[in-house]
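Here is what each chain is made of, one letter per residue.
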Amino acid sequence: ANANVAFWVKIISGSGSTAVPTSSTGLSCSVALDSPSNYSEFTTNADFDGRWTLTNNGSDTWTAADLDFRYLSGTKMHEGADAYDLTADVASGSSTDLVLDMVAPSSAGTYSTTWGLMLGGSTVCTMSFTIRVVNP
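The model shown is predicted, which means the values in this text are computed figures rather than measured ones. (Residues numbered from 1 in each chain as written. Predicted model: local features only at pLDDT ≥ 70, side-chain atom pairs only at ≥ 80, totals over all residues. Heavy atoms only, no water.)

Caption draft 1: Representation of the packing of aromatic side chains within the structure. Within the structure shown, the criterion is met by five aromatic pairs. Consider the rings of Phe42 and Phe48, whose centres lie 4.3 Å apart with planes at 25 degrees: the pair is stacked. Phe48 carries the same exposure label as Phe42, and that label is buried. Members of the aromatic cluster, each reached through a chain of ring pairs, are Phe42, Phe48, Trp52 and Phe129. (Phe/Tyr/Trp six-rings, centres within 6.5 Å; stacked < 30°, edge-to-face > 60°. Buried < 20%, exposed > 50% of the residue type's maximum accessible area, 1.4 Å probe, protein only.)

Caption draft 2: Broad picture of the state of the cysteines. Scanning all chains against the criterion turns up one disulfide. The side chain of Cys29 participates in a disulfide bridge whose partner is Cys125; the two sulfur atoms lie 2.0 Å from each other. You can see Cys29 sitting in strand S1 (residues 29-35) and its partner Cys125 sitting in strand S8 (residues 122-134), a full 96 residues away along the chain. Each member of the pair, Cys29 as well as Cys125, is classed as buried. (Disulfide = S-S within 2.5 Å. Helix = DSSP H or I, 4+ residues; strand = E, 2+ residues; numbered from the N terminus.)

Caption draft 3: Quick peek at a negative patch on the surface. Negative charge collects at one region of the surface, where Asp47, Asp49, Glu79 and Asp101 lie side by side. The residue Asp49 is located in strand S3 (residues 47-56) in this model. (Patch = residues over 30% accessible without salt bridge, like charges linked within 9 Å, V, L, I, M, F, W, Y side chains within 5 Å. Areas by Shrake-Rupley, 256 points an atom, 1.4 Å probe, with all protein chains shown as cover. Salt bridge = Lys/Arg side-chain N within 4 Å of Asp/Glu carboxyl O. Lys, Arg positive; Asp, Glu negative; His and termini not counted. Charge placed at Lys NZ, Arg CZ, Asp CG, Glu CD.)

Caption draft 4: The arrangement of the sheet that holds strand S5 (residues 83-85) in detail. An order of S2-S8-S7-S4-S5 is seen for the five strands of this open sheet, with the pairing classed as mixed. Either end of the sheet is taken by a strand with one partner, and the two such strands are strand S2 (40-43) and S5. Here the average twist between neighbouring strands, direction ignored, is 30 degrees. Two strands pair when backbone bridges link them, and strand S4 (residues 67-74) and S5 are joined in this way by three bridges, in the antiparallel orientation. The residue of S5 that forms the bridge with Arg70 is Ala83. (Pairing = 2+ DSSP bridges. Axes fitted to C-alpha atoms, helices over the stretch in contact; angles between N-to-C directions.)

Caption draft 5: Molecular detail of the pattern of salt bridges. Counted by the stated rule, this structure contains two salt bridges. Here Arg70 and Asp68 are joined by a salt bridge, their closest N and O atoms 3.6 Å apart. Since its relative accessible area comes to 25%, Arg70 is described here as partly exposed. Using a relative accessible area of 17% as the deciding quantity, one classes Asp68 as buried.

Caption draft 6: Spotlight on the pairing of S3. Among the 10 residues in S3, seven count as buried, and that is most of the element. In terms of strand pairing, S1 meets S3 through six bridges, oriented antiparallel. By the bridge assignment, Leu33 is partnered in S3 with Trp52.

Caption draft 7: Up close: the sheet that holds S3. Read from one edge to the other, the open sheet built from three strands follows the order S1-S3-S6, with strand pairing classed as antiparallel. Of all strands in the sheet, those bounded by a partner on one side alone are S1 and strand S6 (95-103). Direction aside, neighbouring strands of the sheet carry axes that sit 20 degrees apart on average. By the bridge criterion, nine bridges tie S3 to S6 in an arrangement that is antiparallel. Counted as the bridge partner of Gly50 is Leu100 from S6.

Here it is, written out as C-alpha cells:
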C-alpha cells in the first residue's frame, strides 16, 4: 500500500510461454504450450491435461539426473507432486514433453499456473498458462 517494498509483475502475452535461458551454463530452451491454449474455458472442477513441449536449444544435454520440472507459482491446479524428474536425457536440438493431470478450480474466475525446468536453484525456462473457469 505504501510502495515501500520490492515486487514483481508477470505479464503473459500471446499463446506461448517464455523461455528464460541460462546461457552461462550452456542450457537454453524454447517452450510451446500445447494445451490448453491460453484463456481456454473450463467448467468448475473439470479434469484436463496441461501439456508443454520443450526443445533443448542449448549446447549441453539436459540430464535426467540433474534437471527437474517444478511448480513455481500461481494456482495449484495440478494433481500429484510439485516436482518431477526428467524421464530421460534430452540432447541439444531434441524435445521433451511435460504433461500434468490438472483440475480446474471450484470457483469461477481466471487462474494461472507456472512451472519451471530447473537445474538446482536456477531456472532454465518457464512454462505457464491461464484459464477461465465458469460455473456449469
